[in-house]
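# Close look at the chain arrangement
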Amino acid sequence: MWHDLMAVQIPIVEKVLRTIAVYALILILFRLAGKRGLAGLNTFDMVVVFLLSNVVQNAIIGNDNSLLGGVIGAVTLVAVNSGVTRWLARDPRAARFLEGTATTVVRDGKLVPGALHDLALRPSELEHAIRLQNGDNVSGVARARLEPDGQLLVTLKGSEQSATRGDLEELRERLAAIERLLAEIAADRRP
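Since the model is a prediction, treat every value here as computed from it, not as a measurement.

## Comments concerning the overall build of the chain
- Per the secondary structure count, the chain includes 8 helices and 4 strands.
- Shown N-terminal to C-terminal, the secondary structure of the chain runs as helices and strands in the order α-α-α-α-α-β-β-α-α-β-β-α.
- Scaling as 2.2 N^0.38, a compact globule of 191 residues should have a C-alpha radius of gyration of about 16 Å, whereas the chain reaches 27 Å, well beyond that.
- In the chain, which comprises 191 residues, the share counted as buried stands at 26%.
- In the chain, once contacts between residues fewer than 6 apart in sequence are set aside, the share between residues at least 24 apart is 65%.

Spelled out as structure tokens, the structure:
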């Protein structure tokens, strides 16, 4: 029993190379598929992720069902992913190449022609993401762009933005100044 758990049934170098190759393939496939996240996966995306993990499992582990073989594959995946993440953080050209660039989907309250189609997004998904960021609808958005990681960054038009605490404090100060001036004027008018 212990022997079956620990005996790696294919060479360790082959297991590491298989894992790196599958990681690179999945990275390329997702890059080609585009940035469609809007900060979350829909049901169809989840199905693809679950099935994809099952489809590539044998490509990673080969004929090895040992515990140690699984540990080697898992450690390789985490190490490669950590290395790629650090590389992308330091090299903007690599990040642009592997992750892509942001796509503007709304400009001055109007959808950018073809942007949703190119990203395979439905208008209802975009409107939902805008509402999650305190917008009412597309017409109240100055600019919205979909980042390579799938997050939607929304800048509301000035008239649509909510007041901040700083805005309210400034308004209180101005009202207090007006009240002082009115009190002074009223005091000056008294005989």
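From this point, things continue past the structure.
## Let's talk about the pattern of salt bridges
- Evaluated as defined, the whole model comprises 4 salt bridges.
- For glutamate 125, the salt bridge is made with arginine 122, and the minimal N-O distance between the two is 3.9 Å.
- We classify arginine 122 as partly exposed; its relative accessible area is 46%.
- Residue arginine 145 is joined to glutamate 147 by a salt bridge in which the shortest nitrogen-to-oxygen separation is 2.4 Å.
- Look at glutamate 147 and you get buried, because its relative accessible area is 16%.

## Focus: the packing of helix H2 (residues 12–33) against helix H3 (residues 43–61)
- Closest axis-to-axis distance for the H2/H3 pair is 9 Å, and the angle between their directions is 150°. In terms of axis orientation, H2 runs roughly antiparallel to H3. For the crossing formed where H2 meets H3, the hand is right-handed. Taking contact as the criterion, the partners of Lys15, Arg18, Thr19, Val22, Ile26 and Phe30 in H2 are, on H3, Val49, Leu52, Val56, Asn58, Ala59, Ile60 and Ile61.
- The class makeup of the residues in the contact of H2 with H3 is 9 nonpolar, 2 polar and 2 charged.

## Overview of the sheet that holds strand S4 (residues 152–156)
- Sheet architecture is open: 4 strands sit in the order S2-S1-S3-S4, paired in antiparallel fashion. Sheet topology places strand S2 (110–111) and S4 at the edges, where each strand pairs with a single neighbour.
- Helix H7 (residues 123–132) rests against strand S1 (103–107), S2, strand S3 (141–146) and S4 of the sheet, and its axis sits at about 65° to S4.

## Quick look at unusual backbone geometry
- If you check the backbone angles, aspartate 108 has positive phi at about 55° while not being a glycine.
- Following the sequence through the fold, aspartate 108 ends up in the loop between S1 and S2.
- Judged by relative accessible area, aspartate 108 falls into the exposed class, the value being 52%.
- Phi is positive for asparagine 134, which is not a glycine, with a value near 70°.

## Side note on helix H4 (residues 67–90)
- When the terminal C-alpha atoms of H4 are compared, their 35 Å separation across 24 residues agrees well with the 34 Å that a helix rising 1.5 Å per residue should span.
- Buried within H4 we find Gly69, Ile72, Gly73, Thr76, Val80, Val84 and Leu88.
- In this structure, the buried side of H4 is in contact with H2 and helix H5 (92–99).

## Focus on a nonpolar patch on the surface
- On the surface, Leu168, Leu171, Leu175, Ile178, Leu182 and Ile185 cluster together into a nonpolar patch covering about 540 Å² of accessible area.
- Mapping leucine 175 onto the fold places it in helix H8 (residues 165–189).

## A closer look at the side chain of glutamate 147
- Looking at the element boundaries, glutamate 147 is found in the loop between S3 and S4.
- A polar contact is formed between the side chain of glutamate 147 and the side chain of arginine 145, at a distance of 2.4 Å.

Procedures and definitions
Residues numbered from 1 in each chain as written. Predicted model: local features only at pLDDT ≥ 70, side-chain atom pairs only at ≥ 80, totals over all residues. Heavy atoms only, no water. Helix = DSSP H or I, 4+ residues; strand = E, 2+ residues; numbered from the N terminus. Rg over C-alpha atoms; globule rule 2.2 N^0.38 Å. Buried < 20%, exposed > 50% of the residue type's maximum accessible area, 1.4 Å probe, protein only. Contact = heavy atoms within 4.5 Å. Salt bridge = Lys/Arg side-chain N within 4 Å of Asp/Glu carboxyl O. Axes fitted to C-alpha atoms, helices over the stretch in contact; angles between N-to-C directions. Parallel < 35°, antiparallel > 145°, perpendicular 65-115°, else oblique. Left-handed = near helix turned anticlockwise from the far one by under 90°. Nonpolar A, V, L, I, M, F, W, Y, C, P; charged D, E, K, R; others polar. Pairing = 2+ DSSP bridges. Expected span 1.5 Å × (residues − 1). Patch = residues over 30% accessible without salt bridge, like charges linked within 9 Å, V, L, I, M, F, W, Y side chains within 5 Å. Areas by Shrake-Rupley, 256 points an atom, 1.4 Å probe, with all protein chains shown as cover. Polar contact = N/O pair within 3.5 Å; in protein donor to acceptor, adjacent residues only side chain to side chain.

Take it as geometry only, folks, not as evidence of what the structure does.
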